[in-house]
Number of protein chains: 2
Amino acid sequence: MSFARIAIIGVGLIGSSIARAVGASGMNAEVRLYDASPDVRARAQTLNIGLVCATAEEAVCDADLVILATPVGAMAAATAGLVDALADGAVLTDVGSTKRAVVDALAKITPARAYFIAGHPIAGTEQSGPDAGFASLFENRWTILTPQDDARPRYQEALSRLSAFWTALGARVEIMDADRHDLVLAITSHVPHLIAFNIVATAEDLETVTESEIVKYSAGGFRDFTRLAASDPVMWRDVFLANKDAVLEILGRFTEDLAALQRAIRWGDGDALHGIFERARRVRREVIEAGQDTPAPNWGRDQGGDGKS
Amino acid sequence: MSFARIAIIGVGLIGSSIARAVGASGMNAEVRLYDASPDVRARAQTLNIGLVCATAEEAVCDADLVILATPVGAMAAATAGLVDALADGAVLTDVGSTKRAVVDALAKITPARAYFIAGHPIAGTEQSGPDAGFASLFENRWTILTPQDDARPRYQEALSRLSAFWTALGARVEIMDADRHDLVLAITSHVPHLIAFNIVATAEDLETVTESEIVKYSAGGFRDFTRLAASDPVMWRDVFLANKDAVLEILGRFTEDLAALQRAIRWGDGDALHGIFERARRVRREVIEAGQDTPAPNWGRDQGGDGKS
């Protein structure tokens, strides 16, 4: 049973992409949007991707699916402001990049008449705001759902409906425990972003190399990190605060491994370096075979970058 | 005065791209190729991008431009094997990613009748070998030349000719001191690659997250690092051994800054995190404005990734 009225709270890259994807999917559902920022609401109004409401309550009332798409740190407050308006039997979900903190905060304030199932679509770009969204963002990407341990038949039915919803947007759905999600995402997303933010800051702070030199010669590899580091700073601040334990655990491993590489460089241990470098190609191949990246050299971004002469 | 016969020693991504770019440029020059690997020579023969020679001497004799395109660690030996065959007045250059070690090794074995000018095109992809090259690789990219302090008029003339050669391949040319090159490239290329190799190894080694999970959810950011880490392991081993001092200096800065971020996460200092994350967007904008990357979200690699709904 699909959803008839979908409320999206937070109209940034992800929220606006869901609204667009619902429209493009052909599912017969009304989309209502709310954002705490008047500027974002005004902008959303011009995009024609759903009915923009003046309050969260107005967006939520009578909705059978409510999707929280705010930064992780704002979710508890946003939810507290709308729980009273939740309809009987409503499915409440979110798209936050961390899951344990969100589950702990939201499960306890969700009323018994509604069904809370946390979620996270592993999709995005470095851009943010309502204009950055697009309908195909979730195609061939995974959405992870981290349901509660709730045996009520209607909860299980809600889980099936939410899975079907994401499938209809082109996503593949995986069920996972919230803690496991946070550990897996720490290595596949959170620490990579932290490292990208960090090297851009390191580069900016060098007294010995100018920013214009860094920009000029960034095609040597640095430019890749600037893309990840251009992601929304508020969203990412919240991610690191909410997933502290897993991020610190993975970061500890990363730093330890980097110290070993540093030592190999200092002592001229070419075999150790080569051994580590060689292992990485296989992982790249697997990423491409799993359909999670394009095989085009340089992602096809450069002229002629299709590998043809 | 352009070159009439160009010898390329080493027919990988860069060497074969130069051969193709010479052909595409319309310059009236004969291209001769040599690679130490019989397999690469056999493969190059089928590509029709130049005359493949059985020995380096045969490629080099009568050439007025000789380009060394081997890994940095192989350049001294490759050069020692061909100096006797160098023609009177020949310009000898290289494309290595580090410059001080190459300059120190090659300047002293270049005979007085030839002119050695080290160089480095800041261009490439994650692929390698003769099939990976393409003619437009150098377009709109910078090539750095690090000439000797040599006041002979014919040396200065050789520098002008070499600059004009790279310009004809579509590159922009910059003259720089070899030590400065190595420091600038340590931050714009070498340390970014080291970090990418490192995080892929860290991910592979985790006992708590499987490789298939890492691959499946790599679109969260990790996949970007797998591309850089798929680069040629021999080439990169040589880079780190040859540019040890600058790499260790920049790596020390990176690690220090990362420790500060780690501390901010541990103590929940959201303002510190936000302050650092926010600075990165400006650098991204500058990279795009300088024509060194595409503004397309996700580099346009995903369906619909053009930012349109």
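Residues numbered from 1 in each chain as written. Chains lettered and ligands numbered in written order. Predicted model: local features only at pLDDT ≥ 70, side-chain atom pairs only at ≥ 80, totals over all residues. Heavy atoms only, no water.

**Focus: the pattern of salt bridges**
Convention followed: Salt-bridge detection follows one rule: a side-chain nitrogen of Lys or Arg within 4 Å of a carboxyl oxygen of Asp or Glu. Helix numbering and strand numbering both begin at the N terminus, where a helix is a DSSP run of H or I of at least 4 residues and a strand a DSSP run of E of at least 2.
By the definition in use, this model includes 50 salt bridges over all chains. For Asp104 of chain B, the salt bridge identified is with Arg100 of chain B, shortest N-O distance 3.2 Å. Here Asp104 of chain B and its partner Arg100 of chain B are both found in helix α5 (residues 100-107), 4 residues apart, which amounts to about one turn of the helix. Linked through salt bridges whose partners overlap, the residues forming this network are Glu126, Arg227, Arg284 and Asp293 of chain A together with Asp224 and Arg301 of chain B.

**Thoughts on the environment of Ala101 of chain B**
Tracing the chain through its elements places Ala101 of chain B in helix α5. Residues Ala101 of chain B and Val239 of chain B, 138 residues apart in the sequence, show an inter-C-alpha distance of 9.7 Å.

**Topic: the pairing of strand β5 (residues 91-94) of chain B**
Residues and elements named next belong to chain B. Filter applied, for reference: Under the scheme applied here, a residue whose accessible area is under 20% of the maximum for its type counts as buried, over 50% as exposed, and between as partly exposed, the area being computed with a 1.4 Å probe on protein chains only. Only when DSSP finds a minimum of two bridges between them are two strands counted as paired. The definition of a right-handed crossover adopted here requires that, viewed with the strands pointing away, the path from the first strand over the helix to the second runs clockwise.
Of the two faces of β5, the one lined by Val91 and Thr93 and the one lined by Leu92 and Asp94 are each fully buried. In the sheet, strand β4 (residues 65-68) pairs with β5 via 4 bridges, with the strands oriented parallel. Across the sheet, the residue bridging to Leu68 is Asp94, located in β5. Of the crossover connections in this fold, the one passing from β4 over helix α4 (residues 75-80) to the parallel β5 is right-handed. A crossover links β5 with its parallel partner strand β6 (residues 115-121), the connecting element being α5, and its sense is right-handed.

**Description of the nonpolar core**
Counted only if it meets this: We call a set of buried residues a nonpolar core when its members are Ala, Val, Leu, Ile, Met, Phe, Trp, Tyr or Cys and they connect through side-chain atoms within 4.5 Å of each other. Two residues form a contact once any of their heavy atoms are found within 4.5 Å.
Ile195 and Ile199 of chain A together with Ile195, Ile199, Phe225 and Phe254 of chain B are the most contacted members of the largest nonpolar core, which has 84 residues in total. Apart from residues lying up to four places away in sequence, Phe254 of chain B is in contact with Ile195, Asn198, Ile199, Thr202, Phe254 and Leu258 of chain A together with Ile195 of chain B. Among the nonpolar cores identified, the runner-up in size contains 40 residues, and Phe3, Val22, Ala123 and Leu137 of chain A belong to it.

**Considering the sheet that holds strand β7 (residues 142-147) of chain B**
Residue and element names in this part refer to chain B. Note the following rule: The angle between two axes is taken between their N-to-C directions and runs from 0 to 180 degrees, where each axis is a line fitted to C-alpha atoms and a helix contributes only its stretch in contact.
Strands sit in the order β3-β2-β1-β4-β5-β6-β7-β8 across an open sheet of 8 strands; the sheet is mixed. In this open sheet, the two strands that pair with only one neighbour each are β3 (51-52) and β8 (172-175). Running at roughly 160° to β6, α5 makes contact with β4, β5, β6 and β7 of the sheet.

**A short note on the sheet that holds strand β8 (residues 172-175) of chain A**
Residues and elements named next belong to chain A. Judged by pairing direction, the sheet is mixed, and its 8 strands sit side by side in the order β3-β2-β1-β4-β5-β6-β7-β8 without closing on themselves. Both outer strands of the open sheet, β3 (51-52) and β8, are each paired with one neighbouring strand and no more. Bridging between strand β6 (residues 115-121) and strand β7 (residues 142-147) involves 5 bridges; their strand directions are antiparallel. Residue pairing across strands places Ile117 opposite Pro147, the latter belonging to β7. The sheet strands contacting helix α1 (residues 13-25) are β1 (5-9), β2 (30-34), β4 (65-68) and β6, and the helix crosses β1 at an angle near 160°. Taken strand by strand, helix α6 (residues 153-168) contacts β1, β4, β5 (91-94), β6, β7 and β8, and its axis lies near 30° from that of β6.

**Things to note about helix α12 (residues 270-289) of chain B**
Heads up, the rule is: The span you would expect from a helix comes to 1.5 Å times its residue count less one.
Between the first and last C-alpha of α12 of chain B there are 30 Å, a value that for 20 residues agrees with the 28 Å anticipated at 1.5 Å per step. Within α12 of chain B, burial applies to Gly270, Leu273, His274, Phe277, Ala280, Val283, Arg284 and Val287 of chain B.

**Comments concerning the interface of chain B and chain A**
The following threshold applies: Here's the idea: put two parts together, see how much 1.4 Å probe accessible area each one loses, and the total over both is what we call buried area. N or O atoms closer than or at 3.5 Å make up a polar contact, with two conditions inside protein: a donor-capable atom paired with an acceptor-capable one, and, for residues adjacent in sequence, both atoms drawn from side chains. Residue type decides the class: Asp, Glu, Lys and Arg count as charged, Ala, Val, Leu, Ile, Met, Phe, Trp, Tyr, Cys and Pro as nonpolar, and the leftover types, Gly among them, as polar.
Facing 117 residues of chain B, the contacting portion of chain A comprises 117 residues. Where chain B abuts chain A, roughly 11,000 Å² becomes buried across the two surfaces, and 63% of that area is made up of carbon and sulfur atoms. Taken together, the connections running from chain B to chain A amount to 20 salt bridges. Where Glu204 of chain B meets Arg282 of chain A, a salt bridge forms, and the shortest distance between an N and an O atom there is 2.3 Å. Taken together, the links from chain B to chain A amount to 50 residue pairs in polar contact (both at pLDDT 80 or more). Of all the elements in the fold, those that place two or more residues in the side of chain B that touches chain A are β7, α7 (178-205), α8 (211-216), α9 (222-228), α10 (233-242), α11 (244-266) and α12 of chain B. Here the element with the most residues in the side of chain B that touches chain A is α7 of chain B; it accounts for 20 residues. Here the residues of the side of chain B that touches chain A are counted per class, giving 53 nonpolar, 31 polar and 33 charged.

**Section: the environment of Ile8 of chain A**
Residues and elements named next belong to chain A. If you trace the backbone, Ile8 turns up in strand β1. Distance from Ile8 to Val52, taken between C-alpha atoms, is 9.6 Å for residues 44 residues apart in sequence. Apart from the residues lying within four places of it in its own chain, the contact partners of Ile8 are Gly15, Ile18, Ala19, Val31, Arg32, Leu33, Tyr34, Ile67 and Ala69.

**Structural notes on α6 of chain A**
Residue and element names in this part refer to chain A. Over its 16 residues, α6 runs 23 Å from end to end, which matches the ideal 22 Å to within 8%, given 1.5 Å per residue. Turning to α6, its buried residues number three or more, namely Tyr155, Ala158, Leu159, Arg161, Leu162, Ser163, Phe165 and Trp166. Positive phi shows up at Gly170, right after α6, with a value of about 100°.

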